[in-house]
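# Survey of secondary and tertiary structure
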Protein chains: 2
Amino acid sequence: MKRADVVIIGGSAAGLQAAIVASRHYMIDSIIVIRREEKVLVPCGIPYIFGTLGSADKNLMPDSLLGNAELIVDEATAIDRSLQTVSTAGGETIGYKKLMLATGSRPVVPPIPGAELENVFTAKKDVDYLTELQRTLQEAQDLIVIGGGFIGVEFADECRKSGLNVTIVELLPHCLQLVCTEDLCVRAEEKLREAGIRVITANAVKSILGDGKVESVELSDGERLKADVVIIGIGVTPNTELAREAGLEIGEQRGIKVDEYMRTADPDIFAIGDCAEKFSFFTSKPVGLRLASIATAEARIAATNLFEPRRKNRGAMGVFSTKIGDLAMAVAGLHERAAAEAGFDIITGESAAVDKHPGSMPGAAQLSVRLVFERQSGRLLGGETCGGSTAGEMVNILAALISQGVTAEDVVFLQVGTHPALTASPLAYQLVTAAEQALARVA
Amino acid sequence: MKRADVVIIGGSAAGLQAAIVASRHYMIDSIIVIRREEKVLVPCGIPYIFGTLGSADKNLMPDSLLGNAELIVDEATAIDRSLQTVSTAGGETIGYKKLMLATGSRPVVPPIPGAELENVFTAKKDVDYLTELQRTLQEAQDLIVIGGGFIGVEFADECRKSGLNVTIVELLPHCLQLVCTEDLCVRAEEKLREAGIRVITANAVKSILGDGKVESVELSDGERLKADVVIIGIGVTPNTELAREAGLEIGEQRGIKVDEYMRTADPDIFAIGDCAEKFSFFTSKPVGLRLASIATAEARIAATNLFEPRRKNRGAMGVFSTKIGDLAMAVAGLHERAAAEAGFDIITGESAAVDKHPGSMPGAAQLSVRLVFERQSGRLLGGETCGGSTAGEMVNILAALISQGVTAEDVVFLQVGTHPALTASPLAYQLVTAAEQALARVA
């Protein structure tokens, strides 16, 4: 029987990060990673296989990241908590001192009639499956994307690049509505339409029709759309079967219950990433955020707590970013609606300026920022950025500031590096100006 | 006699920001800005006039930023503190309740023989002067840049774009040495040489030679270099004459002395920006940093303290960024040498990864980060970023974190937004990995 001090089940973002941190930074040198997949996909890169990257093979995480950890490609089928072993489909039994569950999540397939038809796909993290999707798309003309969240919007934008007729069908009044304020949703939809994508909102796919293969979809309002391929991107559900069968508790957001050290009820078993239950950084209540950046943060926490509790989880914040056409957009923490729903009395500040200076610098693009503060305390709760590509790192300034509990006054004191080719002018730096605006509204 | 509640002398970054914040955010509606220049240049944009932008007119700050503030183009020549008036060269007398000195700085001309010759220039913030420099460069073949700091390096890189033979002469062993660690200095020099610029370090211009006009320069080691134009970029000195003549005190770093509310010894007179004395965010000691981003931060402080003390200055941090060829580089806070000189026992962490992910995304470039922490407390003291253009905003994440006094542990908890087209992978995010590395070194 194989044995290791640490056994990690799952080799995507969370499992890999845990192996890296445990081995590289904490000198734990007996680590086994059990994963089902021969090759691991970069999860956020999946939509880009179908346009920018061109193949699933260009979207892989290199196994070299595992360092000294031993990799076993096999499926874990059962955990024996009393013997401290994991059994696999391949017939192995692997002993652990500490076990880390990083079993991830899988795409949700809604109960739509016809969802089982051929050429209906999801964003399943599987190289062969996605290669089959790619082959199918190459022979297709009409693609329907069900769901206008990040994954749906990115799939649509990328697939359109190869000339497909693409239609997004979103249940809510706007694409991206769960994550962004309306202004950003509208800008995203404009970009999609500019690219030639049909965006249908406040409507649903009632059924997927076809004889064996998908041929069309029927919407709630009765419209029927021709379809050679359907991609469903409406969310994920955590993979918790293994934990459940081992008697571990599942939380109200369907993740494996963990304490602030990422330990399950069994002190020798940790859970991290999409399969683990999360609580909000802002409200401490259970929250359904599932992002690679949260998964890796949890992995860094758990990997240092393996043999003694050291790092406490501070809660999940939610930082999203994407790029639609040439428009980058990103959100950190609570946007206005989310803050209001969480019971905060809020005040906002906005600012827009070119992302280079003066505006005559080549490639200068407008970049806007919207900040949300708690009215009474002035505490920064969230914000959005939208514009040129630096929006992707600017939102991380926001994330850093939010994580430290700063106020609008603190933001005003920021000294930022500014340069003609790299940022807005120091006179117009968006974060600072937006904070000043919010303060003026309170005054 | 004209009168205003607030009179601001100087209309560059600090003066303009003070007018904006006082009027837009604090409803002070009686503001006069007195400035000498008909048109105001974007200070950090000056080198870009000579390559990327193509003319000084493309590098102006629009007067529209002044909002309701009244602009008087004239030179302030004296302050009468008892009468609370400012006299101008144009014969006006302007009464103030509160006076803000934002008189800026001017380039230092070193006592080199020949510095007075025709075709010897500095980065003087004057449209006509720089237009004359541009005209002169258009007829020149050989340019010598004295000083390999940011301004010198940027001038050299831009002027080279129009085909000039450019040589930088730097006194220290490396360009940018006062601000960056050696690694970045070397990378910058490589980029300059790749562009065809000759970089001479650990050497000085002993004299500038010519008959009326500059013809050559002679170095300390005896080498003589042909020169049609010389640009001197070795630093600036604060404009404090007006303050000095009004009896206000000057500090050891040659700036006008101010308290933590940016007030001079006269409670009705404030000083901000390059003309004001600064103290270090890290050591509270006087410091010679003069940057537009510090100037605007000071303006935001002073503008809210005009009629009651509200915002306390937290000290100057120093955040620099630049781009040489396609290489962006930036520094926030104390680099290793500066931290050691300030008496800190330090530990560093480094990380490099592509700035998109997977690395096969088009346009992906390596982006490296180096962080400096105080060993005992783990407090983040400074850092550098170098690589693709997002280094310019990534250094502002660092600046934000430093301003909040975070530790390496806090950095590890960061949840950052990551996206294939916008950032590194969440598994390899440079700031976090560098912090983990520093922690591993302490452990």
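These numbers come from a predicted model, not from an experiment.

Cut-off values and rules
Going along each chain's sequence as written, the residues are numbered from 1 onward. To read the labels, note that chains go from A and ligands from 1, taken in the order they are written. Selection of residues for local features in this predicted model requires a pLDDT of at least 70, selection of side-chain atom pairs for listing and counting requires 80 or more, and totals for whole chains, interfaces and linings are taken over all residues. Where helices and strands are cited, they refer to DSSP runs of H or I of at least four residues and of E of at least two residues respectively, numbered from the N terminus. A pair of residues counts as a contact when their C-beta atoms, built from backbone coordinates, are within 7 Å of each other. Think of a nonpolar core as buried Ala, Val, Leu, Ile, Met, Phe, Trp, Tyr and Cys residues, each tied to the set through C-beta atoms within 7 Å. Burial is judged by counting the other C-beta atoms within 10 Å of a residue's own C-beta: 20 or more makes it buried, 12 or fewer makes it exposed, and any count in between marks it as partly exposed, with every C-beta position built from the backbone. Each residue is assigned to one class: nonpolar for Ala, Val, Leu, Ile, Met, Phe, Trp, Tyr, Cys and Pro, charged for Asp, Glu, Lys and Arg, and polar for all the others, Gly among them. Axes here mean lines fitted to C-alpha atoms, for a helix over just the part in contact, with angles spanning 0 to 180 degrees between N-to-C directions. Angle categories are assigned with fixed cut-offs, so that under 35 degrees is roughly parallel, over 145 is roughly antiparallel, 65 to 115 is roughly perpendicular, and the rest are oblique. The superposition of copies rests on a least-squares fit of C-alpha positions from residues with pLDDT of 70 or more in both. Here the limits of each domain have been adopted from an automatic or database domain assignment. We call two strands paired when DSSP finds no fewer than two bridges between them. Helices are assigned an expected span. That span is 1.5 Å times one less than the residue count. The directions considered for the arc run from the helix axis to the C-beta atoms. Crossing handedness is defined as follows: a turn of the near helix away from the far one that is anticlockwise and smaller than a right angle gives a left-handed crossing, while the clockwise case is right-handed. For every residue, the predictor states its confidence as a pLDDT score lying anywhere from 0 to 100.

## Some points on the overall build of chain A
Assigned secondary structure in chain A consists of ten helices and 24 strands. For chain A, the spread of C-alpha atoms along the three principal axes comes to 65 × 55 × 40 Å. Across chain A, the fraction of contacts at a sequence separation of at least 24, relative to all contacts at a separation of at least 6, is 64%.

## Concerning the environment of Asn313 of chain A
Following the sequence through the fold, Asn313 of chain A ends up in the loop between helix H6 (292–304) and strand S20 (319–324). The contact partners of Asn313 of chain A, leaving out residues within four places of it in the chain, are Glu260, Met262, Glu298 and Ile301 of chain A.

## Section: the nonpolar core
Within the largest apolar cluster, 322 residues are counted, with the highest numbers of intra-cluster contacts made by Ala18, Leu101 and Ile272 of chain A together with Ala18, Leu101 and Ile272 of chain B. Ile272 of chain B has contacts with Ala14, Ala18, Met100, Ala102, Met262, Ala295, Glu298, Ala299 and Ala302 of chain B, leaving out every residue within four places of it along the chain.

## Thoughts on the interface of chain A and chain B
Contact residues are listed per partner, giving 68 residues for chain A and 68 residues for chain B. For the side of chain A that touches chain B, the secondary-structure elements that each account for two or more residues are helix H1 (13–25), H6, S20, strand S21 (327–333), helix H8 (391–403) and helix H10 (430–442) of chain A. Top contributing element to the side of chain A that touches chain B by residue count: H8 of chain A, with ten residues. When grouped by side-chain class, the residues that make up the side of chain A that touches chain B number 39 nonpolar, 23 polar and six charged.

## Quick notes on the packing of H8 of chain A against helix H8 (residues 391–403) of chain B
Between H8 of chain A and H8 of chain B, the least distance of the axes is 8 Å, while the angle of their chain directions is 10 degrees. Relative to H8 of chain B, the element H8 of chain A is oriented roughly parallel. Where H8 of chain A approaches H8 of chain B, its residues Glu393, Met394, Asn396, Ile397, Ala400 and Leu401 of chain A are matched on the opposing element by Glu393, Met394, Asn396, Ile397, Ala400 and Leu401 of chain B. Counted by class, the contact of H8 of chain A with H8 of chain B contains eight nonpolar, two polar and two charged residues.

## Some points on the relation of the copies chain A and chain B
Each copy of the sequence occupies a distinct position, and chain A is placed on chain B by a rotation of 180 degrees and an axial shift of 0.0 Å, giving an RMSD of 0.0 Å. Read as a symmetry element, the transformation amounts to a two-fold axis. Considering only C-alpha atoms, the part of chain A nearest the rotation axis is Ile397 of chain A, at 2.2 Å. Most of the interface of chain A is mirrored in chain B: 100% of its interface residues are interface residues there too.

## Focus: the domain arrangement of chain A
Residues and elements named next belong to chain A. Segmentation of chain A into domains returns domain 1 (2–106 + 237–304), domain 2 (109–232) and domain 3 (328–442). Placing the centre of domain 1 and that of domain 2 at their C-alpha centroids yields a distance of 29 Å. Each partner contributes residues to the interface: domain 1 has 14 residues there, and domain 2 has 16 residues. Residue classes in the side of domain 1 that touches domain 2 are distributed as eight nonpolar, three polar and three charged.

## Quick notes on the sheet that holds strand S23 (residues 366–374) of chain A
All names here are of chain A. Here five strands make up an open sheet; going across it, the order is S20-S21-S24-S23-S22 and the pairing antiparallel. Two strands bound the open sheet, and with one partner strand each, they are S20 and strand S22 (346–354). Strand after strand, the sheet turns through a mean of 10 degrees between neighbouring axes, direction not considered. Where S22 lies against S23, nine bridges are found, and the strand directions are antiparallel. By the bridge assignment, Ile347 is partnered in S23 with Phe373.

## Details of the pairing of strand S12 (residues 205–209) of chain A
Residue and element names in this part refer to chain A. Bridging between S12 and strand S13 (residues 216–219) involves four bridges; their strand directions are antiparallel. The residue of S13 that forms the bridge with Val205 is Leu219. Between S12 and the antiparallel strand that follows it, S13, lie six residues; Gly210 among them carries a positive phi value of about 160 degrees.

## Comments concerning the environment of Ala140 of chain B
Residues and elements named next belong to chain B. Mapped onto the secondary structure, Ala140 falls in the loop between helix H2 (127–138) and strand S9 (142–146). By the C-beta count within 10 Å, which is 18 here, Ala140 ends up partly exposed. Separated by 47 residues in the primary sequence, Ala140 and Thr93 have C-alpha atoms spaced 45 Å apart. Those residues in contact with Ala140 that lie beyond four places of it in its chain are Leu164, Asp228 and Val229.

## Brief notes about the sheet that holds S13 of chain A
Residues and elements named next belong to chain A. In spatial order, the strands read S12-S13-S14; together these three strands make up an open sheet with antiparallel pairing. Of all the strands in the sheet, just S12 and strand S14 (224–226) have a single pairing partner and so form its edges. On average, each strand axis in the sheet is tilted by 20 degrees relative to the strand beside it, whichever way the strands run.

## Some words on helix H4 (residues 182–194) of chain B
Residues and elements named next belong to chain B. Spanning 13 residues, H4 covers 18 Å between terminal C-alpha atoms, matching the ideal 18 Å at 1.5 Å per step. Along H4, the positions that sit buried rather than exposed are Leu184, Cys185, Ala188, Glu189 and Leu192. All buried residues of H4 project into a common sector of 135 degrees when viewed along the axis, lining one side. In H4, the exposed positions that point more than 90 degrees away from the buried face belong to Arg193 and Glu194. On its buried side, H4 packs onto helix H3 (150–160), strand S10 (165–169), strand S11 (198–200), strand S20 (319–324), strand S21 (327–333) and strand S24 (380–387). Just past H4, the residue Gly196 takes up positive phi, approximately 95 degrees.

## A short note on unusual backbone geometry
Residue and element names in this part refer to chain A. Between His357 and the following residue, Pro358, the backbone shows a cis peptide bond with an omega angle of -5 degrees. Positionally, Pro358 belongs in the loop between S22 and S23. Even without glycine at this site, Gln84 takes up a positive phi of about 55 degrees. With respect to the element layout, Gln84 can be found in the loop between strand S4 (76–80) and strand S5 (85–88). We classify Gln84 as partly exposed; it has 18 C-beta atoms within 10 Å.

## Description of the packing of H1 of chain A against H6 of chain A
Residue and element names in this part refer to chain A. Put simply, H1 and H6 touch, their axes get as near as 8 Å, and they point 35 degrees apart. As H1 runs across H6, the sense of the crossing is right-handed. In this structure, H1 contributes Ala13, Ala14, Gln17, Ala18, Val21 and Ala22 to the contact, and H6 contributes Ala292, Ala295, Thr296, Glu298, Ala299, Arg300, Ala302, Ala303 and Thr304. For the contact of H1 with H6, the residue count by class is ten nonpolar, three polar and two charged.

## Things to note about the pairing of strand S15 (residues 229–232) of chain A
As a general feature of sheets, a regular strand has side chains that alternate between the two faces. All names here are of chain A. Neither face of S15 is left uncovered, since the one carrying Val229 and Ile231 and the one carrying Val230 and Ile232 both have all their residues buried. With three bridges joining them, strand S8 (residues 120–122) and S15 adopt parallel strand pairing. Considered in S15, the bridge of Phe121 is made with Ile231. With four bridges connecting them, strand S9 (residues 142–146) and S15 associate as parallel partners.

## A word on the confidence of the model for chain A
Chain-level pLDDT for chain A is 96 on average; 100% of the residues reach the 70-or-more range. Interface confidence for the predicted complex, given as ipTM, is 0.95, next to a pTM of 0.96.

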